Amino acid sequence: MLLAFDTGNTNTVIGLYDGDELCGSWRFATDPRRTVDEYGLFCFDLFNFHQYNFADVDSMIISSVVPDVTSTLAAMGRQYFHVEPLVVEAGIKTGLPIRYENPKEVGADRIVNAVAAIDRYGTPCIIVDFGTATTFCVVNEQGEYMGGAITTGIGISMDALFSHAAKLPKVDLKAPPSAIGRNTVNAMQSGLVYGYAGLVDAMIVRLCDEMGYDPEKTAVVATGGRSDMICKHTSYVDKVDMKLTIHGLRILADRNRSDAHD
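Please read all numbers here as calculations on a predicted model, not as lab measurements.

Describing the overall build of the chain
- When you go through the chain residue by residue, the secondary structure sums to seven helices and ten strands.
- Radius of gyration (C-alpha) of the chain: 19 Å, near the 18 Å computed for a compact globule of 262 residues.
- Viewed in the frame of its principal axes, the chain has a C-alpha envelope of about 60 × 40 × 30 Å.
- Counting across all 262 residues of the chain, residues that qualify as buried make up 48%.
- Across the chain, the fraction of contacts at a sequence separation of at least 24, relative to all contacts at a separation of at least 6, is 56%.
- When the accessible surface of the chain is split by element, carbon and sulfur atoms take 48% of a total near 13,000 Å².
- With 22 positive and 33 negative side-chain charges, the chain shows a separation of 7 Å between the mean positions of the two kinds.

Things to note about the nonpolar core
- Core analysis: the biggest nonpolar cluster contains 29 residues, and I61, V88, I127, L249 and L252 have the highest contact counts within it.
- Elements represented by at least two residues in this core include exactly β1 (2-7), β2 (11-18), α3 (108-121), β6 (125-130), β7 (133-139), β9 (219-224) and α7 (244-261).
- Here this core takes seven residues from α3, the largest share from any one element.
- Shared between two domains, this core takes at least three residues from each, and those domains are domain 1 (2-87) and domain 2 (123-242).
- Ignoring sequence-local partners within four residues, the contact set of L252 consists of I61, L86, V88, I92, K93, T94, V112 and V115.
- By size, the runner-up hydrophobic cluster in this structure holds 27 residues, among which are M158, A197, V200 and L207.

What about the pattern of salt bridges?
- The tally for this structure, following the rule as stated, stands at seven salt bridges.
- Ionic pairing is found between D31 and R33, a salt bridge with its closest N-O pair at 3.0 Å.
- By relative accessible area, D31 is classed as buried at 19%.
- Residue classification places R33 among the exposed residues on the basis of a relative accessible area of 70%.
- When the shortest N-O distance is used, the salt bridge between D254 and R257 registers 2.9 Å. Taken together, the residues D254 and R257, both in helix α7 and three residues apart, mark about one turn of the helix.

The rules behind these values
Residues numbered from 1 in each chain as written. Predicted model: local features only at pLDDT ≥ 70, side-chain atom pairs only at ≥ 80, totals over all residues. Heavy atoms only, no water. Helix = DSSP H or I, 4+ residues; strand = E, 2+ residues; numbered from the N terminus. Rg over C-alpha atoms; globule rule 2.2 N^0.38 Å. Buried < 20%, exposed > 50% of the residue type's maximum accessible area, 1.4 Å probe, protein only. Contact = heavy atoms within 4.5 Å. Areas by Shrake-Rupley, 256 points an atom, 1.4 Å probe, with all protein chains shown as cover. Lys, Arg positive; Asp, Glu negative; His and termini not counted. Charge placed at Lys NZ, Arg CZ, Asp CG, Glu CD. Core = buried A, V, L, I, M, F, W, Y, C linked by side-chain atoms within 4.5 Å. Domains from an automatic or database assignment. Salt bridge = Lys/Arg side-chain N within 4 Å of Asp/Glu carboxyl O.

The following block contains the structure:
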């Protein structure tokens with residue numbers, strides 16, 4: 001079985017694969033203070049609850065944008081699962097040509113998402129990942145990663161609005177009844193949700209325009225914790241795929257396992 005870790009700044013997702021089958025996936029808060037033993041005990045409780053055994057795991061892959069957590073998870077894999085984890089970083093086999101000026105600057109999560117999107121939705125495609133930051137990634141018709149855009153996540157935007165405007169209250173992040181807010185709470189929710197949806201659509205149109213693609217005919221897939229809430233109010237997102245990154249990790253694990261046996 002393959003144990004996959006997708007570690008973002010806010011949340012970490014664990015996926016457990018038996019061949020091509022995703023047996024389960026779980027999300028928990030990313031905490032760089034956790035030790036090797038804490039992660040090991042966390043996995044033990046998770047496996048025990050779902051009636052899996054550590055001995056069933058014969059491979060492990062890690063995609064992480066938090067270096068401290070990357071090293072801790074890798075050490076945990078060696079100590080508790082007795083496997084050498086594959087870390088998504090420069091040098092691994094991805095099958096993804098990267099046209100960034102400096103390919104090493106592309107985050108592991110963006111590479112994994114692009115690999116998964118090509119496999120599931122074809123090319124050309126745009127991937128929108130709603131995390132602590134929101135990223136837009138463009139893959140051309142030839143399956144090459146062209147680059148994209150990075151902006152603040154909607155959670156950061158909400159926190160900044162509350163923190164820097166003394167008279168504005170903290171609100172639940174959800175869509176209000178209408179774009180025209182008739183009270184302060186609804187007005188803030190409108191700006192956050194509908195305004196952010198407008199940002200997403202505008203970026204998709206601009207990215208497609210630069211590539212010479214029709215946004216109506218380009219596969220646009222979203223992933224990440226807030227994607228479902230925002231994308232129901234967008235015009236160009238075709239699919240919300242919450243398992244996109246985990247799927248990409250399985251593909252990369254397979255490609256590098258095959259490469260090691262060649």
